[in-house]
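# Structural characterization, general
Next come the chains, spelled out residue by residue.
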Amino acid sequence: MDRSDRGPGVELRQLRCLVAIIDEGGFTDAAAVLGVSQAAVSRTLASLEQALGVRLLRRTSRVVAPTATGLRVAAHARRVLGEVDALVQDAASGHTRLRIGYAWSALGRHTLAFQRQWAVRRPGTELRLVRLNSASAGLAEGACDLAVVRRPLEDRRFDAAIVGLERRLCALAADDPLARRRSVRLADLGVRTLLVDRRTGTTTAELWPPDARPATEETHDVDDWLTVIATGRSVGMTAEATADQYPRPGVVYRPVRDAEPVAVRLVWWRDDPHPAAQAVIELLTTLYRTQ
């Protein structure tokens, strides 16, 4: 495939040149801002017009003004240049900012302590918690640098460390007969309809023996999950962090005493771990162990 098949080869320097000419009102001042000669500005503008096949500026002996097309191209150029500048800034600040993704619940009752202790221990690294309901809690999507997940990821691109364990709880409508109990068993729930999130949830029907598995319905959002459970049509099973993060009128949480606990994992890119990953592991492990 030759160059003509790929479309015009527009370069960032050409867009910067066009914007500078319009902003500064002429080639001379644009050259001073860009730190190049006036002849270089003229050549760069001409190459952009040739690449696009349109006239972008009207030139007279007294004034340089954008054409209607030039104004539209300049508007696009400003957006492109702004995004590129943001990209560069984001890459450069990667070690001074830490984004931790999560799907349904962050770190439950440890969330606030983690944020406060991180600010004291690592004041030079800004911490942000990012909620994204995906299997990798935003890691695969590029929305975060590390992710908290409560189910193993099979993707070999990621490494993980278990930082703690959480009890498994059942979520019930407040007027459900089981809500009167202090705890429940798996067998109590086998005849109910279990509301699950197959992408990010910690529980499936496979938690029960093959001959005693509940019927399931699917949801994709914690608010929808809670809304349906509050009606009494379904029950839910979740890690205890959900109860800490999402108390809801009309819904009660009860421990499932014969269900295995949920492992809380911190996950990161295997070939590009964030420099603060080990510090996060150490702090979270301490919080889960001592609080």
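Our structure's up above, just so we're on the same page.
## Overview of the layout of surface pockets
Estimated volume of the second largest pocket: approximately 190 Å³. By residue number, the principal contributor to the lining of the second largest pocket is strand 12 (residues 262–269), which donates three residues.

## What about the nonpolar core?
With 22 residues, the main nonpolar core has Phe 114 and Val 280 as its most contacted residues. When residues of this core are traced back to their parent elements, those giving at least two are strand 3 (97–102), helix 6 (111–121), strand 5 (146–149), strand 6 (158–166), strand 12 and helix 10 (277–290). Sort the elements by how many residues they give to this core and helix 10 lands first, with seven residues. Setting aside anything within four residues of it in sequence, one finds Val 280 in contact with Leu 98, Ile 100, Phe 114, Trp 118, Leu 146 and Leu 266. Membership of the second largest hydrophobic core comes to 19 residues, among which are Leu 18, Ala 30, Leu 45 and Val 64.

## Topic: helix 6
For helix 6, the set of buried residues is Thr 111, Ala 113, Phe 114 and Trp 118. Take helix 6 and look down its axis: the buried residues cluster within an arc of 160°, on one side only. For helix 6, the exposed residues lying more than 90 degrees away from the buried face are Arg 116 and Val 120. Residues of helix 6 that are buried in the fold lie against strand 3, strand 4 (126–131), helix 9 (240–245) and helix 10.

## What to know about unusual backbone geometry
Positive phi values are uncommon outside glycine, yet Ala 137 reaches one of about 55°. Structurally, the position occupied by Ala 137 is in the loop between strand 4 and strand 5.

## Overview of the packing of aromatic side chains
This structure, assessed with the given rule, holds three aromatic pairs. Taking the centre distance of 5.1 Å and the plane angle of 65° together, the rings of Trp 104 and Trp 225 count as edge-to-face. Within this pair, whereas Trp 104 is found in the loop between strand 3 and helix 6, its partner Trp 225 is found in helix 8 (residues 222–231), the two being separated by 121 residues in sequence. For Trp 225, a relative accessible area of 1% corresponds to the buried category.

## What about the sheet that holds strand 7 (residues 168–173)?
Ordered by their spatial adjacency, three strands build an open sheet running 10-7-11, and the pairing between neighbours is antiparallel. Two strands in the sheet have a free side with no partner beyond their single neighbour: strand 10 (236–239) and strand 11 (251–255). The sheet shows a mean angle of 35° between the axes of neighbouring strands, direction not considered. In this structure, strand 7 lies alongside strand 10, joined through four bridges in antiparallel fashion. Note that in strand 10 the partner of Arg 168 across the bridge is Ala 239.

## Examining a nonpolar patch on the surface
A contiguous nonpolar patch, built from Val 10, Leu 52 and Val 54 and spanning about 180 Å² of accessible area, is present on the exposed surface. Mapped onto the elements, Val 54 comes out in the loop between helix 4 (38–52) and strand 1 (57–59). For Val 54, a relative accessible area of 31% gives the class partly exposed.

## A closer look at helix 4
With 15 residues, helix 4 extends 21 Å from end C-alpha to end C-alpha; this agrees with the ideal 21 Å at 1.5 Å per step. Taken residue by residue, helix 4 has Ala 40, Val 41, Thr 44, Leu 45, Leu 48 and Glu 49 as its buried positions. Where helix 4 is buried, its residues contact helix 2 (12–24), helix 3 (27–34) and strand 1. Positive backbone phi, at 75°, marks Gly 53, one or two positions downstream of helix 4.

How each quantity is defined
Residues numbered from 1 in each chain as written. Predicted model: local features only at pLDDT ≥ 70, side-chain atom pairs only at ≥ 80, totals over all residues. Heavy atoms only, no water. 1 Å grid on protein atoms, 1.4 Å probe; cavity = no way out; pocket = protein on both sides within 12 Å on 5 of 7 lines; lining within 4 Å. Points joined across faces, edges and corners; volume = space filled by probe spheres on them. Helix = DSSP H or I, 4+ residues; strand = E, 2+ residues; numbered from the N terminus. Core = buried A, V, L, I, M, F, W, Y, C linked by side-chain atoms within 4.5 Å. Buried < 20%, exposed > 50% of the residue type's maximum accessible area, 1.4 Å probe, protein only. Contact = heavy atoms within 4.5 Å. Arc of directions from axis to C-beta. Phe/Tyr/Trp six-rings, centres within 6.5 Å; stacked < 30°, edge-to-face > 60°. Pairing = 2+ DSSP bridges. Axes fitted to C-alpha atoms, helices over the stretch in contact; angles between N-to-C directions. Patch = residues over 30% accessible without salt bridge, like charges linked within 9 Å, V, L, I, M, F, W, Y side chains within 5 Å. Areas by Shrake-Rupley, 256 points an atom, 1.4 Å probe, with all protein chains shown as cover. Salt bridge = Lys/Arg side-chain N within 4 Å of Asp/Glu carboxyl O. Expected span 1.5 Å × (residues − 1).

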